[in-house]
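Structural characterization, general
Residue strings, one per chain:
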Amino acid sequence: MKDAILRWPSREALDREGIPRPRRLLAWAVRLLVAGFLFWSAFHDNRVHGWTAVAGLGAVLVAVMMAWAFFRLTLEHRLWPSVTLLLGLLALACGVRAAGFETPASILWCGSAIVAVERLPLAAALLSAAAGFTSFALASGEGWLSAAATTGGMALAGYALRLDAEARGTTQRLLAQERAARAAETESAALAERARIAREIHDVLAHSLSAQLVHLEAARLLIERGADRDTILERVVAARGMALDGLDETRQALSALRGELTPLEEFLTGLVRAVGGAGITVAGERRPLPVEASQAVRRVAQEALTNVRKHAPGAGVRLRLDYGPDQVTLCVRDSGGPPGEFAGVGGGYGLLGMRERAELLGGSLEAGPGEEGFVVTLKVPV
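So, here is what we can say about the structure in this document.

The rules behind each value
Residues numbered from 1 in each chain as written. Predicted model: local features only at pLDDT ≥ 70, side-chain atom pairs only at ≥ 80, totals over all residues. Heavy atoms only, no water. Helix = DSSP H or I, 4+ residues; strand = E, 2+ residues; numbered from the N terminus. Buried < 20%, exposed > 50% of the residue type's maximum accessible area, 1.4 Å probe, protein only. Areas by Shrake-Rupley, 256 points an atom, 1.4 Å probe, with all protein chains shown as cover. 1 Å grid on protein atoms, 1.4 Å probe; cavity = no way out; pocket = protein on both sides within 12 Å on 5 of 7 lines; lining within 4 Å. Points joined across faces, edges and corners; volume = space filled by probe spheres on them. Nonpolar A, V, L, I, M, F, W, Y, C, P; charged D, E, K, R; others polar. Pairing = 2+ DSSP bridges. Right-handed = clockwise from strand over helix to strand, strands pointing away. Salt bridge = Lys/Arg side-chain N within 4 Å of Asp/Glu carboxyl O. Core = buried A, V, L, I, M, F, W, Y, C linked by side-chain atoms within 4.5 Å. Contact = heavy atoms within 4.5 Å. Patch = residues over 30% accessible without salt bridge, like charges linked within 9 Å, V, L, I, M, F, W, Y side chains within 5 Å. Axes fitted to C-alpha atoms, helices over the stretch in contact; angles between N-to-C directions. Parallel < 35°, antiparallel > 145°, perpendicular 65-115°, else oblique. Left-handed = near helix turned anticlockwise from the far one by under 90°. Expected span 1.5 Å × (residues − 1). Phe/Tyr/Trp six-rings, centres within 6.5 Å; stacked < 30°, edge-to-face > 60°. Lys NZ or Arg CZ within 6 Å of the ring centre and 35° of its normal. Polar contact = N/O pair within 3.5 Å; in protein donor to acceptor, adjacent residues only side chain to side chain.

Notes on the overall build of the chain
- Scanning the chain from terminus to terminus reveals 12 helices and 5 strands.
- A total of 382 residues make up the chain; the buried ones form 37% of that total.
- When the accessible area of the chain is evaluated, it comes to approximately 21,700 Å², of which 63% is carbon and sulfur surface.

Here it is as structure tokens:
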């Protein structure tokens, strides 16, 4: 309660931002009307001439300048300068009333009280409004009931303006928060998309270059051992084929980023056909998979087959793709065999990267010895 009495209206409530243009024009029209009425009421009397007219004009200009300064200071939440200016306006109204200008004095008293209720903390606003309305009631000469009704109505009008401004300020803050949330969401989506692109490029390059490195290392060892030309050429041609496969995979990755993926079963069948000595089984109800899940299955299949060629060349390989109700499972199982002479080539981070990819999708990847050879099992929710 204490905080509510001492709390300023929000800056969004005191500012004019967010006010519709027609309403803003209406507010300026009211201000000009009040200023014009002040001028008219101050100078329509024939007694006003000479220095009296100059003093009246000066008083009106001072009142306008003080009101403008009051609006600026309350926007900056500067309490004591704002209260000082408001008391100055009330004192000016008393001077104008003493000079015989009743209507301008009443307008200044009531206007100051209303804007105090609208723009000041309630503690300061109630005291300032009480001073303004009391001065108006005493000077009006009306009965106490009529004066109380008038001042009460104007006080309610000021409080209604305050509530309206607070509601507008709350709307502005919520709008700013929504814009910030949308900007953050857009930035997050952009970062996620960049991460996905980087992951795709990394996976393509890691798989392609690793396979090429196997054959180039083999060619190097064959050259050192003095192998015949045809054997060395075979390895170089294989490395060239891997480079071409890498280009093809890059095109597929770009197609995936554009949402132009070949069907998963077709991709795996072509992969198995290119390897040779492998078979594939598809179980469950076939259906399109999300892009991320489909890419994870493709990359794990490629990495697993590359590892088989590297660590157990000549081993038989079986791929099984199982469409479950809420996940898809890929199992790559080889029959085992003696390790290849290039088993130590490469950094060994392929399966680790695949495991990270699966975990990002909420899935899992398990790799380890099976009954005969090595088994890689990927599970991805869909």
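Points about empty space enclosed by the protein
- Using the criterion set out here, one finds 2 cavities of 30 Å³ or more in the structure.
- Taken as a whole, the second largest cavity spans an internal volume of roughly 30 Å³.
- Counting only elements with at least two residues in the lining of the second largest cavity, the list comes to α2 (11-14), α6 (102-119) and α8 (144-225).
- It is α8 that contributes the most residues to the lining of the second largest cavity, 3 residues altogether.
- Of the residues that constitute the lining of the second largest cavity, the class distribution is 4 nonpolar, no polar and 4 charged.

A closer look at the pairing of strand β2 (residues 317-323)
- Judged by which residues are buried, β2 turns out to be one-sided: Val317, Leu319, Leu321 and Tyr323 face inward and are buried, whereas Arg318, Arg320 and Asp322, on the alternate face, are not.
- Where strand β1 (residues 278-284) lies against β2, 7 bridges are found, and the strand directions are parallel. Bridge pairing in β2 places Ile280 opposite Leu319.
- The parallel pair β1 and β2 is bridged by helix α11 (residues 291-311), and the resulting crossover is left-handed.
- Relative to strand β3 (residues 327-334), β2 runs antiparallel, the two sharing 7 bridges. In the strand pairing of β3, Asp322 is matched with Thr329.
- Linking β2 back to β3 in an antiparallel pair, the connection comprises 3 residues.

With respect to the pattern of salt bridges
- Considering all chains together, one arrives at 4 salt bridges under this definition.
- Notably, a salt bridge pairs Arg78 with Glu76, separated by 3.5 Å at the nearest N-O pair.
- Glu76 sits in the partly exposed class, given a relative accessible area of 39%.
- Here the salt bridges do not stand alone but share partners, grouping Glu217, Arg220 and Glu224 into one network.

Things to note about the nonpolar core
- Core analysis: the largest hydrophobic core is formed by 33 residues, its most contacted members being Phe70, Leu85, Leu86, Trp109, Leu120, Phe133 and Met154.
- Going through the elements one at a time, α4 (51-75), α5 (79-98), α6 and α7 (122-140) are the ones with two or more residues in this core.
- At 9 residues, the largest contribution of residues to this core is made by α6.
- The residues touching Phe70, leaving out its near neighbours within four places in the chain, are Ser82, Leu85, Leu86, Val115, Arg119 and Leu120.
- In terms of nonpolar packing, the next biggest core, distinct from the first, is built from 30 residues, Leu268, Ala293, Met354 and Ala358 among them.

Digging into a nonpolar patch on the surface
- Nonpolar side chains collect at one region of the surface, where Ile201, Leu205 and Leu209 lie side by side and expose about 280 Å² of accessible area between them.
- Secondary-structure assignment places Leu205 in helix α8.
- Look at Leu205 and you get partly exposed, because its relative accessible area is 43%.

Description of the packing of α5 against α6
- Relative to each other, α5 and α6 sit at 165°, their axes nearing to 8 Å. Accordingly, the angle class assigned to the pair α5 and α6 is roughly antiparallel. Viewed along their axes, α5 and α6 form a crossing whose handedness is left-handed. Contacts between α5 and α6 involve Leu86, Leu89, Leu90, Leu92, Ala93, Cys94, Val96 and Arg97 from the former and Glu102, Pro104, Ala105, Leu108, Trp109, Ser112, Val115 and Ala116 from the latter.
- For the contact of α5 with α6, the class distribution of residues is 13 nonpolar, 1 polar and 2 charged.

A few points about unusual backbone geometry
- Of note in this structure, His77 is not a glycine but carries a positive phi near 60°.
- Secondary-structure assignment places His77 in the loop between α4 and α5.

Looking at α5
- Helix length check: α5 (20 residues) gives 29 Å between terminal C-alpha atoms against 28 Å at 1.5 Å per residue, within 8%.
- Gly100 lies just past α5 and shows a positive phi near 100°.

Side note on the packing of aromatic side chains
- One pass over the structure, following the stated rule, counts 1 aromatic pair.
- The ring of Phe267 has Arg298 lying over it, and the distance from NZ or CZ to the ring centre is 5.0 Å.

Some points on α6
- The first and last C-alpha atoms of α6 sit 26 Å apart over 18 residues, in line with the 26 Å expected at 1.5 Å per residue.
- Most of α6 sits out of view: 13 of its 18 residues are buried.

Observations regarding the side chain of Arg119
- Within the element layout of this structure, Arg119 appears in helix α6.
- Here Phe71 takes part through its backbone oxygen, which lies 3.2 Å from a polar atom of the side chain of Arg119.

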